[in-house]
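# Analysis of the macromolecular model
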Amino acid sequence: MRTIHTDCLVLGAGLAGSAYALQAARAGLKVEILSLGAPLQANSDWAQGGIIYDTSPDPAQLARDILEASDGAANPAAIEQLVREGPAAVKELLLDELHVGFDRNAAGDLHFTREGGHAERRIIHTKDATGHAILAAVAQKVDATADITRRSGFVAVDLLTLSHNSVDAHDRYEPLTCFGCYALDTATDEVVAFVARKTVLATGGLGGIFQHTTNQPGSVGHGVAMAYRVGARLIDLEYVQFHPTVFFKKGAQHFLITEALRGEGAVLVDARGRRFMDGVHPLGSLAPRDIVARAIQHHLAETGDACVYLDLSALKSEFIRDRFPGIYERCLSHGVDITREPIPVVPAAHFSCGGVHTDLTGRTNVRHLNAIGETACTGLHGANRLASTSLLECLVSGKVTAQADVAELSANVRITNIRLPEPREWQSPMRTADPLLIRQDLQQVRQTMWNYAGIIRSGRRLTRARRILLELREDIQAFYRDCRPTRELIELRNGVQTALLVVHAAALNPISRGCHFVAPENE
Ligand SMILES: Cc1cc2nc3c(=O)[nH]c(=O)nc-3n(C[C@H](O)[C@H](O)[C@H](O)COP(=O)(O)OP(=O)(O)OC[C@H]3O[C@@H](n4cnc5c(N)ncnc54)[C@H](O)[C@@H]3O)c2cc1C
């Protein structure tokens, strides 16, 4: 088995993992950064709205907005850290060092926009493709940094712990400690061991365990499942945010249809052209996200329709093309001309507020295992997330966690000299997994989550979900033990595990709060 040694092993090359890697390498640490696919295949690349930057005139107002969006559940210390560290992190890396091309006015000043839940205009953006502008610049810097080795197409399989994976049997008496991971090199089909002094989970969200999602393929909560298997604490997993409108067409990949369209006058109608939101909320189609998502879901369940529609007939064609060029082009590429016809939409799983519990420097309860970005949960989002806080969270958590690791690895002799054991050999069965079975099982996980543990939950639905998923997990585990790992099989194994964890968290919390909605038992 090939074994690669490094100081810091980063699992995930989205904004959080990349920000960590840059900060650690700058301090002289050797970094390995792994990703499922190409460098820009990450949710970070798809962020549309923007990133919070300007907290003036009153930073405390941003703190209040985050707390309010969280339904009062967010951790005040995490909010305080984001508000304090965020603007400086954006300025330092994105503005001063990488010169990301954020939109500016004619005088050259940054253009600030505002989204739902924000009391001020404080968000900077690059048209409707902010995430791409940021990640492309950050990825380029990662590739130009000598102490960082990027390995695309390396799928982390399991974390290494002293108790389970050391060749020295005495290591099982050591405290719970992580020392790297096994990862599948998809180019050679070989499993490689990475041995690291610090391991960082930056694997992003878990929207991919639901049938409809805004997330990129592979977002099945890999980090959450791997962390669970080694005994890391998980928290707030029931708080999955659903976006009310993503493009829906059979066979086409979902993509987000921004709320700004409704802000400009588009309205939600059903297949018969009825404005079904009018009777639901005084704001109609502009009601808060979770109310719109629930109303759509309810309507679909009642009518049996596959989707609802966003009617843009109140908007002029030139305005649509000029204001929403990205959405216009993408819909057109799927045969929908939005200047002439309504957009078919469904709600979709969007963001995980919960995840692997960490303190404010990314530490989990497992020694030398950190978590950052969407995988982690410091309590910043509580029961619901304020728009445009997540990219900022990635930057801040990547930076402060790397700073803490640098301080620890360079100052603390005891830790610096930590003995990194040789990992046990990876044993792979020779059988090849049947891709049809994998696809079918993943589809079943996603349908089960959507129908029974999605936007509207109930005790009975969750019990049903749990029963189906437990049985599936048993089959999948047997399958996994018998077959050579592939990216798809690893995804299925982690997906079913994450799904069970979300269902478990949801079942333990009977109180509707934020994005966790529990219907009365007779629904
Ligand atoms: C459509 C969309 C629009 C959004 N818009 C905004 C916005 O406007 N503003 C905002 O602040 N937030 C927005 N968000 C949320 C935000 O983009 C994400 O929360 C954030 O980018 C997550 O970054 P991350 O680095 O944690 O994970 P990601 O960017 O998702 O990166 C995850 C990385 O982990 C890798 N990975 C996963 N599993 C493994 C494994 N087993 N082995 C190796 N690598 C692995 C992936 O390949 C990838 O490189 C949006 C999200 C979506 C989906």
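Residues numbered from 1 in each chain as written. Predicted model: local features only at pLDDT ≥ 70, side-chain atom pairs only at ≥ 80, totals over all residues. Heavy atoms only, no water.

## Side note on the sheet that holds strand β12 (residues 267-269)
Taken in spatial order, the four strands line up as β11-β14-β13-β12 in an open sheet, and their pairing is antiparallel. Bordering the open sheet on either side are β11 (240-247) and β12, each of which pairs with just one other strand. Ignoring which end each strand starts from, the neighbouring axes of this sheet average 45° apart. Direction of pairing for β12 relative to strand β13 (residues 308-311): antiparallel, over a ladder of three bridges. Following the sheet pairing, V267 is matched in β13 by D311. Contacts from helix α9 (residues 289-303) reach β11, β12, β13 and β14 (343-352) within the one sheet, and its direction differs from that of β11 by about 65°. (Pairing = 2+ DSSP bridges. Helix = DSSP H or I, 4+ residues; strand = E, 2+ residues; numbered from the N terminus. Axes fitted to C-alpha atoms, helices over the stretch in contact; angles between N-to-C directions. Contact = heavy atoms within 4.5 Å.)

## What to know about the site of the ligand
In the neighbourhood of the ligand, 36 residues make up the surrounding shell, with S44, G49, A156, E374 and L391 lying closest. Measuring from a nitrogen atom of the ligand, one finds a side-chain N or O atom of H222 at 3.2 Å. Those elements that provide at least two residues to the shell around the ligand are α1 (15-26), β2 (31-35), α2 (43-46), β7 (154-161), β14 and α12 (390-411). Here the residues of the shell around the ligand sort into 16 nonpolar, 18 polar and two charged. (Near = heavy atom within 4 Å. Polar contact = N/O pair within 3.5 Å; in protein donor to acceptor, adjacent residues only side chain to side chain. Nonpolar A, V, L, I, M, F, W, Y, C, P; charged D, E, K, R; others polar.)

## Focus on the environment of A169
Here A169 is to be found in the loop between α6 (162-165) and β8 (178-185). Among the residues examined, A169 registers a relative accessible area of 46% and is labelled partly exposed. Through-space distance from the C-alpha of A169 to that of F319 is 68 Å; in sequence the pair is 150 residues apart. (Buried < 20%, exposed > 50% of the residue type's maximum accessible area, 1.4 Å probe, protein only.)

## Quick notes on the pattern of salt bridges
A side chain with one charge can pair with a side chain of the opposite charge if their charged atoms come near. Scanning the entire structure with this criterion turns up 31 salt bridges. Across the pair R2 and E190 runs a salt bridge whose closest N-O atoms are separated by 3.4 Å. One end of the pair, R2, is in the segment before β1 (3-11); the other, E190, is in strand β9 (residues 190-201), with 188 residues separating them in the sequence. With a relative accessible area of 33%, R2 lands in the partly exposed category. Classification of E190 as partly exposed rests on a relative accessible area of 28%. Measuring nitrogen to oxygen at the nearest pair gives 2.5 Å for the salt bridge that ties R151 to E32. Of this pair, R151 sits in strand β6 (residues 148-152) while E32 sits in strand β2, and the two are 119 residues apart along the sequence. Linked by salt bridges that have partners in common, K198, R363, D405 and E408 make up one network. (Salt bridge = Lys/Arg side-chain N within 4 Å of Asp/Glu carboxyl O.)

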